[in-house]
Amino acid sequence: MAATAKPAILVARAVFPEVIDALRQHFEVDTNDDDVALTPDELTQRLQGKVGVLTTGSERVDAALLAACPQLRIAANIAVGFNNFDVPAMTAAGVLGTNTPDVLTETTADFGFALIMATARRLTESEHFLRAGQWNKWALDMFAGADVHGSTLGILGMGRIGQAIARRGALGFGMKVIYHNRSRLDAGIETELRARYVSRDQLLQQADHLILVLPYSAESHHAIGAAEIARMKPTATLVNIARGGIVDDAALAAALRDRRIAAAGLDVFEGEPKVHPDLLTVPNVVLTPHIASATLATRRAMAQLAADNVIAYLTEGRALTPLNPDVIRA
Ligand code: GLV
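Residues numbered from 1 in each chain as written. Predicted model: local features only at pLDDT ≥ 70, side-chain atom pairs only at ≥ 80, totals over all residues. Heavy atoms only, no water.

Draft legend 1. Examining the site of the ligand more closely. Around the ligand sit Ala 79, Val 80, Gly 81, Leu 104, Arg 243, His 290 and Met 302, and that is every residue in its neighbourhood. One of the backbone N or O atoms of Gly 81 is found 2.8 Å from an oxygen atom in the ligand. A distance of 2.6 Å separates an oxygen atom of the ligand from a polar atom in the side chain of His 290. Alone, the ligand offers 190 Å² of accessible surface; in the complex the protein occludes 87% of this. (Near = heavy atom within 4 Å. Polar contact = N/O pair within 3.5 Å; in protein donor to acceptor, adjacent residues only side chain to side chain. Areas by Shrake-Rupley, 256 points an atom, 1.4 Å probe, with all protein chains shown as cover.)

Draft legend 2. How the structure looks around helix 7 (residues 160-173). Its 14 residues place the ends of helix 7 19 Å apart at the C-alpha level, agreeing with the 20 Å of an ideal helix rising 1.5 Å per residue. Within the sequence span of helix 7, burial applies to Ile 161, Gly 162, Gln 163, Ala 164, Ile 165, Ala 166, Arg 168, Gly 169 and Ala 170. Close packing links the buried residues of helix 7 with helix 5 (105-120), strand 6 (152-156), strand 7 (176-180), helix 8 (187-193) and strand 9 (209-212). Just past helix 7, the residue Gly 174 takes up positive phi, approximately 55 degrees. (Helix = DSSP H or I, 4+ residues; strand = E, 2+ residues; numbered from the N terminus. Expected span 1.5 Å × (residues − 1). Buried < 20%, exposed > 50% of the residue type's maximum accessible area, 1.4 Å probe, protein only. Contact = heavy atoms within 4.5 Å.)

Draft legend 3. Structural context of the pairing of strand 10 (residues 237-240). Neither face of strand 10 is left uncovered, since the one carrying Thr 237 and Val 239 and the one carrying Leu 238 and Asn 240 both have all their residues buried. Alignment of strand 9 against strand 10, held across four bridges, turns out to be parallel. Within strand 10, the residue paired with Leu 212 across the bridge is Asn 240. The β-α-β motif built from strand 9, the intervening helix 10 (residues 226-231) and the parallel element strand 10 has right-handed crossover chirality. One ladder, built from four bridges, connects strand 10 with strand 11 (residues 263-266); its direction is parallel. Residue pairing for strand 11: Thr 237 is matched across the bridge by Ala 263. Between the parallel elements strand 10 and strand 11, the chain passes through helix 11 (residues 249-257) in a crossover that is right-handed. (Pairing = 2+ DSSP bridges. Right-handed = clockwise from strand over helix to strand, strands pointing away.)

Draft legend 4. Structural view of the packing of aromatic side chains. Taken as a whole and assessed by the stated rule, the structure comprises three aromatic pairs. Centroid distance Phe 129 to Phe 143: 5.0 Å. Interplanar angle 70 degrees. Geometry classified as edge-to-face. Separated by 14 residues along the polypeptide, Phe 129 in helix 6 (residues 123-131) and Phe 143 in the loop between helix 6 and strand 6 bring together distant segments of the chain. Across the ring face of Phe 16, the terminal group of Arg 300 is positioned such that the distance to the ring centre comes to 5.1 Å. (Phe/Tyr/Trp six-rings, centres within 6.5 Å; stacked < 30°, edge-to-face > 60°. Lys NZ or Arg CZ within 6 Å of the ring centre and 35° of its normal.)

Draft legend 5. How the structure looks around the sheet that holds strand 12 (residues 285-287). Spatial strand order, 8-7-6-9-10-11-12: seven strands in an open sheet with parallel pairing. Looking at strand neighbours, the two that pair on one side only are strand 8 (195-197) and strand 12, the edges of this open sheet. This sheet shows a mean twist of 20 degrees between the axes of neighbouring strands, independent of strand direction. Its contacts with the sheet place helix 5 against strand 6, strand 9, strand 10, strand 11 and strand 12, and it is angled at close to 150 degrees to strand 10. (Axes fitted to C-alpha atoms, helices over the stretch in contact; angles between N-to-C directions.)

Okay, here's the thing in structure tokens:
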């Protein structure tokens, strides 16, 4: 008896070989071994006849793509954020979307803290100074930064990652934790995290170190711009590990240049991998290339979870971390 052809899927970016092997047990797998991000047209072409796709934040799944790929049934994002998915359009087209929550929470919170520390203590600025051969004497105020321990940590966005950062701040560094979120946490969780709910304005005004951990949406676009920065303490630092576009990068660069706040740490940028040129010329900013979840173990777990979602949905009609579960029930 002739073997039935396996359904075809695309893995839009290079992922770990063991994940591809797991997928190949169930599917014909088209891969992008060069790892060059596909243009929307290339993605549409490569998806012809495919029922599933593993994406990253670089690939958009929107109404135009869905209309051109009628066989598609699932798009599994290898990221917890999914602002590259038009979820209502996917639901309307009957395409399931999945993301990778939980597996990256602690790793990403570690990195958030690394950026808070590096920003407050001027880590990269001082390293550049040393590497440039400019260190010829020790001085009492040399690269004097701001204390992290005992200071006030402000968290904008209090989901899983925000809470993991709060825990580190309160329990590890004796920080006073304040937060703002669309919805307030249960009193029990606030007590456990030692976190106090404040208004967005109070958060801006009171934080010594403000970290952004909220999802990107039309509502959070440029949530931090010149007006918000003006409300912050001149000694404050700002860290963004959420998404580019939440901060107005041009306004931030101007504020850093004029020392309206002390420093910033940025892992994400509007229009990345391009970085606003003004940010590259100010010294008091720590810049990293969207690596908050980048440990090998976590990146493997993210890719595996995306693959497991595709396997579970296409072989058994269920998903582990669905974004639009109505598609499964329909
Ligand atoms: C990374 O930015 C993610 O959303 O997982």
